[in-house]
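What follows is each chain in one-letter form.
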Amino acid sequence: MDKTIPDLATAVAGIEDGMVVMIGGFGGSGAPIELIHALIDRFRATGHPKDLTVVNNNAGNGHVGLAALIEQGMVKKLICSFPRSADPVVFTELYQAGKIELELVPQGTLAERIRAGGAGIPAFYTPTSFGTDLAKGKPVEEFEGRSYVRERWLKADVALVKAHLGDRLGNLTYRMAARNFNPLMCMAAAKTIVQVSQIVEPGAIDPETVVTPGIFVQGVVQVANPAQEEDLNRAKAVYPEVAQ
Amino acid sequence: MDKTIPDLATAVAGIEDGMVVMIGGFGGSGAPIELIHALIDRFRATGHPKDLTVVNNNAGNGHVGLAALIEQGMVKKLICSFPRSADPVVFTELYQAGKIELELVPQGTLAERIRAGGAGIPAFYTPTSFGTDLAKGKPVEEFEGRSYVRERWLKADVALVKAHLGDRLGNLTYRMAARNFNPLMCMAAAKTIVQVSQIVEPGAIDPETVVTPGIFVQGVVQVANPAQEEDLNRAKAVYPEVAQ
Amino acid sequence: MTAKLSPTQMAWRAAQDIEDGAYVNLGIGFPEMVAKFQPPGKQAIFHTENGILGFGEAPKPGEEDWDLINAGKKAVTIKPGTAFFHHADSFAMVRGGHLDVAILGAYEVAETGDLANWSTGPKGVPAVGGAMDLVHGAKRVAVITDHVTKDGKPKLLQRCSLPLTGVGCVTRVYSSLAVIDIQDGHFVLREKLPGLGLDDLQALTGATLHVEGDIGDLNVPEL
Amino acid sequence: MTAKLSPTQMAWRAAQDIEDGAYVNLGIGFPEMVAKFQPPGKQAIFHTENGILGFGEAPKPGEEDWDLINAGKKAVTIKPGTAFFHHADSFAMVRGGHLDVAILGAYEVAETGDLANWSTGPKGVPAVGGAMDLVHGAKRVAVITDHVTKDGKPKLLQRCSLPLTGVGCVTRVYSSLAVIDIQDGHFVLREKLPGLGLDDLQALTGATLHVEGDIGDLNVPEL
């Protein structure tokens, strides 16, 4: 079994119009910038994929990564908890112009819905959002005198994930707080594509320290020295680069 | 902050009559034998605790650990998935004599109910047990044309857990398949008491490899070279040892 | 030739259908033997409910580590690429549909795909383990079972008489006499022992055996 | 003395109530400053939603690692005993009631304990983050807020006018003028700035301030 993929273009080849795409990361940490940029390259070359529904905690920053994906007009709907960030110009303008849909989900509920999707739990109850606008239309139930909102699982056609080490069986480790939503999204997508800083031999990752077991991963592509969104934005990077 | 406890007797001192006690382990692997035996010692010295409700995957084997706890008559009710094992004489006899209650729960549902207890999810839906005797009396709901059973969280007053390394903040690692239910039970109990093979300084466990973060742990006691239930049973051990 | 397949032979036959790279959970007992018979060039990855993916064979006697066991509480070993995880993650793999194949034992199987394999009734101590989760998780749920009980009564039935493990979950049965798919509420006979007549097989089966196209010969080596 | 406390001073006051060994989540913005003012001998352990427990102070400029950030996307550091985990485990800590204290900002707080801190209405881009989870998880949910808006209108009200973050969740308010508990649907005044009359404070508050026993002086150092 070998889940390694030779290059980024191949890694994103199966992503089609209208798909639900989970993209890992919290802000820039753990964001698979190179996979996103490869998807943008494909769109610019072929016109596809478009009309994507993207699941991410945020709405991107600056003009790289998720923000660039949105800026290209590839995203029809965003499911996220916090689209208001330091420099979310791209999303804000499209949203206020009514050109992109937003499903706002409390962060813990977003995480749990994704985990539920991966764990085969179609619905669960949470105290979060009870009595608020974000619970409108959702079933409410009392348990032991406290009120809870019923939330549904969230699944995806594809997850784009950033990890640290990966082996050809798909076992993954992450780096510090870049872990965030990534292991959950691996579980919840029909096809999980992971960029790792280094592909290692099976056995090189101690079985005790595997965070995502390979069963949740369909493809692994190596991106040594991946970009950090924060660094790119401080350098005022724009993707794709505009010809001078 | 120092969560270390000097000895086993102190570790089990707060466990009272009628409490719900989660006990980690799957069969013998990950079973906190020494904590269980300390609890038996306390019962034999004081007559308490009794009428316990115990949550464990199994019903013990032979005459040590959980089986010995049951044999002492300390357990009123067992919540478990598989009380039928190689040598579950103790439980079987009491059960058939009507002297111990049994709540039988599918293994994955048991794990998820415990996790839900720890994660603040009062109820969830699962396909498991739909249409079977174990779903009787439970609400059923359809999602996307498939039927699911609603299950409730499971919480405990105390969890007795076996881990491998622990620091004084309560961060834990486990050893191979001895992990099993232990990290979940840490989450789901008001008070989690852990026996570890070695107490180490904070920082000695790589933050990437912490399996149970200290927030889920209230006490850590060192038991170097812990007994394996399987070894004890092969040696036909009985606890407490009968005076010759 | 054999009048019926041994459990080992049934396990061999089941192993032939496991794709290279498949994630597989093998139930306690006979199904565990399937791992031994993987055809050359096909390498499945085995999952055990108690938190190991990609474990290896049994260790030599005396070399057991009792922290490294499978769901049947038997000692196993690690291999390059093994991963450990807790029970909630383990059953997320099961319930979440990430396993390709689960192979279980059976007391009874119905043509509806219903399975009974956890309780023989109110006597004795009931025990369910992970079976009710496994039948709803894997993409393909197969059963290894003698075709009839020790008393010669059919185990493949119109409806199960024993308490159910799952409803409409089994898709293929590897019995001691035949390989039978379950499709749209019917048993569809795929293979039978070469010396066994269709009428004879039908007489040992508690529901109608449908035939679609050729019936293959169930040829299994002596093991 | 100051006419009102600065955000830094409110953070200082809030920090005095944090017990040694408490697990604490500090909201983005002003509440983050609470960490700087822990009294000597009291060591809280800080949780951030994005998957770190027990993180340390900000690194020196230029030494940031952007994989090591807090919920406000600011760089932090690790300390001995830090642990990393994913978002579902992180919010299990929150929702499961494992945090001792969460300290958040507020647009409005009601005497019922209702909190509004995520939306100023239909204009602009709504963003909720982890606030709705935090208000239901921690054993004690406190708020740091100016006592009045920039226009001088009360932020402590009978009922919130803005979209709610949570119902009946806040138990203590550290305002720029006072420390107020919320008990049984009432504001109970615990401390006020020494130079401020009770009537003056009541005039700046949108619901009745109840008094139980002594009212302490809200003495905070210049910072």
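Up top is the structure.
About the cut-offs
Residues numbered from 1 in each chain as written. Chains lettered and ligands numbered in written order. Predicted model: local features only at pLDDT ≥ 70, side-chain atom pairs only at ≥ 80, totals over all residues. Heavy atoms only, no water. Contact = heavy atoms within 4.5 Å. Buried area = accessible area lost by both parts, 1.4 Å probe. Salt bridge = Lys/Arg side-chain N within 4 Å of Asp/Glu carboxyl O. Polar contact = N/O pair within 3.5 Å; in protein donor to acceptor, adjacent residues only side chain to side chain. Helix = DSSP H or I, 4+ residues; strand = E, 2+ residues; numbered from the N terminus. Nonpolar A, V, L, I, M, F, W, Y, C, P; charged D, E, K, R; others polar. Phe/Tyr/Trp six-rings, centres within 6.5 Å; stacked < 30°, edge-to-face > 60°. Buried < 20%, exposed > 50% of the residue type's maximum accessible area, 1.4 Å probe, protein only. Pairing = 2+ DSSP bridges. Expected span 1.5 Å × (residues − 1).

A.B. asks: Help me out: how do you make sense of the interface of chain B and chain C in this one?
C.D. replies: Accessible area lost during the coming together of the parts is what is often quoted as the interface size. Listed as interface residues are 47 residues of chain B and, on the opposing side, 35 residues of chain C. In total, chain B and chain C occlude about 3500 Å² of area from one another, counting both sides; carbon and sulfur atoms represent 62% of this. Together, Phe26, Arg84 and Met176 of chain B form the three largest contributors to the area buried by chain B at its contact with chain C, with a combined 17%. One can count two salt bridges joining chain B with chain C. A salt bridge links Asp65 of chain C to Arg175 of chain B; the shortest N-O distance between them is 2.3 Å. On the surface where chain B and chain C come into contact, there are 21 residue pairs in polar contact (both at pLDDT 80 or more). Taken together, the elements giving at least two residues each to the side of chain B that touches chain C come down to α4 (89-96), β5 (101-104), α5 (107-119), α6 (182-188) and α7 (229-234) of chain B. Among the residues forming the side of chain B that touches chain C, the class breakdown is 19 nonpolar, 18 polar and 10 charged.

A.B. asks: Is there a simple way to explain the packing of aromatic side chains in this structure?
C.D. replies: Given two aromatic rings, one states the distance between the centres and the angle between the planes to describe the pair. Summed over the entire model, instances satisfying the criterion amount to 11 aromatic pairs over all chains. Look at Tyr125 of chain A and Phe143 of chain A: their rings are 5.1 Å apart centre to centre, the planes differ by 75°, and that puts the pair in the edge-to-face class. Remark: Phe143 of chain A occurs in strand β7 (residues 140-143) and Tyr125 of chain A occurs in strand β6 (residues 123-126); sequence separation between them is 18 residues. Using a relative accessible area of 1% as the deciding quantity, one classes Tyr125 of chain A as buried. On the basis of relative accessible area, Phe143 of chain A is assigned to the buried category, the value being 3%. Among the aromatic residues, those joined into a ring-pair cluster are Tyr125, Phe143, Tyr148 and Trp153 of chain A together with Tyr125, Phe143, Tyr148 and Trp153 of chain B.

A.B. asks: Looking at this structure, how should I read the pattern of salt bridges?
C.D. replies: A side chain with one charge may pair with a side chain of the opposite charge, provided their charged atoms come close. If you walk through the whole model with that rule in mind, you get 47 salt bridges over all chains. As a salt-bridge pair, Asp181 of chain D and Arg172 of chain D come within 2.5 Å of each other at their nearest N and O atoms. Its relative accessible area of 11% is what places Asp181 of chain D among the buried residues. By relative accessible area, which is 16% here, Arg172 of chain D ends up buried. Where Glu212 of chain D meets Arg190 of chain D, a salt bridge forms, and the shortest distance between an N and an O atom there is 3.4 Å. With Glu212 of chain D in strand β13 (residues 209-217) and Arg190 of chain D in strand β12 (residues 186-192), this residue pair connects regions lying 22 residues apart in the sequence. Connected through salt bridges with shared partners, the residues Arg13, Asp17, Arg172, Asp181, Arg190, Glu191 and Glu212 of chain C form a single ionic network.

A.B. asks: Before we go on, may I ask you to explain the side chain of Thr128 of chain B in this structure?
C.D. replies: Within the secondary structure layout, Thr128 of chain B lies in the loop between β6 (123-126) and β7 (140-143). Owing to a relative accessible area of 0%, Thr128 of chain B belongs among the buried residues under this scheme. A polar side-chain atom of Thr128 of chain B sits 3.0 Å from a polar atom in the side chain of Asp133 of chain C.

A.B. asks: What exactly am I supposed to notice about the pairing of strand β10 (residues 172-175) of chain C here?
C.D. replies: Consecutive side chains along a regular strand alternate between the two faces of the sheet. Residues and elements named next belong to chain C. Side chains of β10 alternate between two faces, with Arg172 and Tyr174 and Val173 and Ser175 buried alike. In terms of strand pairing, strand β8 (residues 140-145) meets β10 through four bridges, oriented parallel. When the sheet's bridge partners are listed, Ile144 is paired in β10 with Tyr174. As paired strands, β10 and strand β11 (residues 178-183) are joined by three bridges and run antiparallel to one another. Opposite Arg172, over in β11, you have Asp181 as the bridge partner. In this antiparallel pair of consecutive strands, β10 and β11, the connection spans two residues.

A.B. asks: I would appreciate a short explanation of the sheet that holds strand β6 (residues 108-110) of chain D in the present structure.
C.D. replies: Residues and elements named next belong to chain D. Read across the open sheet, the three strands follow the order β7-β6-β9; overall the sheet is mixed. A single partner strand is all that each edge strand has here, and the edge strands are β7 (115-116) and β9 (156-157). Examined bridge by bridge, β6 and β7 share two bridges and lie antiparallel to one another. Bridge pairing links Val109 to Leu115 in β7.

A.B. asks: Looking at this model, I keep getting lost on helix α2 (residues 33-46) of chain A. Mind explaining?
C.D. replies: Residues three or four positions apart in an α-helix share a direction because the helix packs 3.6 residues into each turn. All names here are of chain A. Between its first and last C-alpha atoms α2 spans 20 Å; for 14 residues at 1.5 Å apiece the expected length is 20 Å, and the two agree. Of all 14 residues making up α2, 10 are buried, and the element is well covered by its neighbours. Just downstream of α2, Gly47 is the residue with a positive phi angle, here 80°.

A.B. asks: Just to check I follow, could you spell out the interface of chain A and chain D for this structure?
C.D. replies: Every contact between the two is made by 47 residues of chain A and, on the other side, 35 residues of chain D. Contact with chain D buries area across many residues of chain A, yet Phe26, Arg84 and Met176 of chain A alone supply 17% of it, more than any other trio. Where chain A touches chain D, the interface holds three salt bridges. Asp67 of chain D is the partner of Arg175 of chain A in a salt bridge, and the nearest nitrogen-oxygen pair spans 2.7 Å. Our count for the contact surface shared by chain A and chain D stands at 21 residue pairs in polar contact (both at pLDDT 80 or more). Those elements that provide at least two residues to the side of chain A that touches chain D are α4 (89-96), β5 (101-104), α5 (107-119), α6 (182-188) and α7 (229-234) of chain A. Partitioning the side of chain A that touches chain D into residue classes produces 19 nonpolar, 18 polar and 10 charged.

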